[in-house]
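Structure at a glance
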Amino acid sequence: MALVPLADLPGRLSAPVRSPAAARTARRALALLPLLLIGAWAVYDWPTVRAGAARLAAADPGWLLAGLCFTGLGWVAAACVRQGAIPERLPPGPLLASQFAAGAANHVLPASIGAHAVTLRFLQRHGVSLTRATSSLALYSLVKPLAKTLVLLVFLVAFPDLLRLGELVPDGRTVAMAAGCAAAGIAAAGLLLAAVRPLRRPVLDFLRTALADARLLHTRPSRVLALWGGAAATPLLQASVIASVGFSLGLPLSWTQVVLALLVASTAAGAVPAPGGIGPVDAALVFTMAAFGAPVDLATTTVVGFRVLTVWVPLLPGALMLSLLVQRNVL
């Protein structure tokens, strides 16, 4: 009995053939997807944009321009942290462009998923393995809150009398609840690894790669400076944007108070997975600035203006950049 080659068999046994036209169509759809998502979100949140733009129309344009400059420096800081979290050297221009595009994706999806997805794709397109790229994202996510906490401690030590913290310090019950949630999460992860054997090997490989890369990166001064310096500069730049908007509106707070207000607000509300931190962080920021003596209506206007300046002004250019990077196979 003669054997028939597998390629000659009809129907479902034949090897699938990818059409070049279908691949081009899929890439065009991916390029248009960010614009569609941004448009849908704009329709949903249009009242906020309109109210913020009306309030900023009467603000000091000089301070608003300074806020835009600090916003741009925030993307530079993000690119520095991304480079500091990976041993391979990345091209600076495309890396900065990817972080600008990641900002648009980050404001659509919650808990920085959009920015991490864009960065993961960027790293893989530049020859970084999936395990190492994922490890860099984990290191990035770990260093940013640690650096923010260190900055917070520095401000508390440097300005013990200037900043009023009585209304901002959580009570013992809140601290115990947070500690209990953290312990429960760690215990659940341990039980999951113990119960599901197929997860052990990839998780252990990931941990080994992450620890090896972290040790390697901390033997290079340039990577340490980019990683920790960029992570520490990020909240200071964000606070500078808020302060610039507030000063343009007459906010009666100092830059130091605005920095601490942002640090406390983002720490308290950072566990809530809102898109780009919008929502919980905004409410906590208004509360902390009010606790420092700012009128609630002025603090609310400042936060709305901050979101317009950092989210809505760069949103369309960021979405266009994201589409362009997809079309040019950078992502």
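Residues numbered from 1 in each chain as written. Predicted model: local features only at pLDDT ≥ 70, side-chain atom pairs only at ≥ 80, totals over all residues. Heavy atoms only, no water.

Remarks on the pattern of salt bridges
Our working definition: Basic side-chain nitrogens of Lys or Arg form a salt bridge, by our definition, when they fall within 4 Å of a carboxyl oxygen of Asp or Glu. Under the scheme used here, helices are H or I runs from DSSP no shorter than 4 residues and strands are E runs no shorter than 2 residues, and both carry numbers assigned from the N terminus. Using a 1.4 Å probe on the protein chains alone, a residue whose accessible area is under 20% of its type maximum counts as buried, one over 50% counts as exposed, and one in between counts as partly exposed.
The final tally for this structure, using the stated rule, is three salt bridges. Between Arg132 and Asp213 there is a salt bridge; the shortest N-O distance is 2.8 Å. Here Arg132 is found in helix H6 (residues 130-158), whereas its partner Asp213 is found in helix H8 (residues 200-217), with 81 residues between them in sequence. For Arg307, the salt bridge goes to Asp282, with nearest N and O atoms at 2.8 Å. Of the two residues, Arg307 sits in helix H12 (residues 296-327) while Asp282 sits in helix H11 (residues 280-291), which places them 25 residues apart along the sequence. Note on Arg307: relative accessible area 12%, which makes it buried. Via salt bridges that share partners, Glu88, Arg132 and Asp213 belong to a single interconnected network.

Regarding the side chain of Thr119
Rules: Any pair of N or O atoms that falls within 3.5 Å is considered a polar contact. Within protein, one atom must be able to donate a hydrogen and the other to accept it, and sequence-neighbouring residues count only if both atoms are side-chain atoms. For this analysis, residues touch if any pair of their heavy atoms sits within 4.5 Å.
In this fold, Thr119 is placed in helix H5 (residues 113-125). Within polar-contact distance, the side chain of Thr119 engages the side chain of Arg82 at 3.5 Å. Not counting the four nearest positions on each side in its chain, Thr119 is found in contact with Arg82, Gln99 and Leu137.

Brief notes about the packing of helix H3 (residues 61-84) against helix H9 (residues 221-249)
Selection rule: Lines fitted to C-alpha atoms define the axes, with helix axes restricted to the stretch in contact, and inter-axis angles between N-to-C directions lie between 0 and 180 degrees. The cut-offs work like this: below 35 degrees is roughly parallel, past 145 is roughly antiparallel, 65 to 115 is roughly perpendicular, and the gaps in between are oblique. Two helices cross in a left-handed way if the nearer one is turned anticlockwise from the farther one by less than a right angle. They cross in a right-handed way if the turn is clockwise.
At a minimum axis separation of 8 Å, H3 and H9 run at an interaxial angle of 165°. When the axis of H3 is compared with that of H9, the two are roughly antiparallel. Considering the relative orientation of H3 and H9, their crossing is left-handed.

Describing the nonpolar core
Where we set the bar: Side-chain atoms within 4.5 Å are what join buried Ala, Val, Leu, Ile, Met, Phe, Trp, Tyr and Cys residues into a set we call a nonpolar core.
Counting 33 residues, the largest nonpolar core has Ile242, Leu251, Leu253, Val258, Leu285, Met289 and Ala294 as its most contacted members. Secondary-structure elements contributing two or more residues to this core are H6, H9, helix H10 (255-269), H11 and H12. With eight residues, H10 is the largest single contributor of residues to this core. Non-local contacts of Leu253, meaning those with residues more than four positions away in its chain, are made with Phe247, Val258, Met289, Phe292, Gly293 and Ala294. Counting 18 residues, the second largest nonpolar core, distinct from the first, contains Leu90, Ala102, Val326 and Leu331.

Brief notes about a nonpolar patch on the surface
To be explicit about the condition: Here the term patch refers to residues with relative accessible area over 30% and no salt bridge, with like charges joined within 9 Å and nonpolar side chains (Val, Leu, Ile, Met, Phe, Trp, Tyr) within 5 Å. A 1.4 Å probe and the Shrake-Rupley method give the accessible areas. Residues count as covered only by the protein chains that appear here.
Nonpolar side chains collect at one region of the surface, where Leu65, Leu68 and Val313 lie side by side and expose about 260 Å² of accessible area between them. For Leu68, the position within the fold is in helix H3.

So, the confidence of the model for the chain
Applicable threshold: On a range of 0 to 100, pLDDT expresses the predictor's confidence in each residue.
For the chain, per-residue confidence averages 77 on the pLDDT scale, and residues scoring 70 or more make up 66% of the total. Ranking the elements of the chain by mean pLDDT puts helix H1 (residues 20-44) last with 56 and H9 first with 94. Under a pLDDT of 50 for its full length, residues 6-17 has, in the predicted model, three contacts with residues more than four places off or in other chains.

Considerations on the packing of aromatic side chains
Note the threshold: Here the aromatic set is Phe, Tyr and Trp, taking the six-membered ring for Trp, and pairing holds for ring centres within 6.5 Å; pairs whose planes are under 30 degrees apart are stacked, those over 60 apart are edge-to-face, and all others are tilted.
Scanning all chains against the criterion turns up four aromatic pairs. Relative to Phe247, the ring of Trp63 lies with its centre 5.1 Å away and its plane at 70°, an arrangement referred to as edge-to-face. Pair noted here: Trp63 is in helix H3 and Phe247 is in helix H9, with a separation of 184 residues, a long-range link. For Trp63, a relative accessible area of 37% gives the class partly exposed. Note on Phe155 and Phe159: the rings are 5.8 Å apart at their centroids and 40° apart in plane angle, and the pair reads as tilted. Phe159 gets classed as partly exposed once you look at its relative accessible area, which sits at 32%. An aromatic cluster is built from Phe155, Phe159 and Trp255, whose rings are joined through pairwise contacts.

So, H12
So the rule is basically this: Expected helix span is taken as 1.5 Å per residue step, with the number of steps being one fewer than the number of residues. One fitted axis covers the seven residues ending at a residue, a second covers the seven starting there, and the bend at that residue is the angle between these axes.
Here H12 spans 45 Å end to end across 32 residues, near enough to the 46 Å set by a 1.5 Å rise per residue. At Leu315, H12 shows its largest bend, some 50°, and a proline, Pro317, comes one to four positions later. In the stretch just after H12, Asn329 is the one whose phi turns positive, near 60°.

Let's talk about the packing of H9 against H12
Let me state the cut-off plainly: Gly is placed with the polar residues, together with every amino acid not listed as nonpolar (Ala, Val, Leu, Ile, Met, Phe, Trp, Tyr, Cys and Pro) or charged (Asp, Glu, Lys and Arg).
Their axes nearest at 9 Å, the elements H9 and H12 cross at an angle of 125°. With respect to their mutual orientation, H9 and H12 come out oblique. Here the hand of the crossing between H9 and H12 comes out right-handed. In this structure, H9 uses Gln238, Val241, Ile242, Val245, Gly246 and Leu249 to contact H12, whose residues at the interface are Leu298, Thr301, Thr302, Gly305, Phe306, Leu309 and Thr310. Broken down by class, the residue content of the contact of H9 with H12 amounts to seven nonpolar, six polar and no charged.

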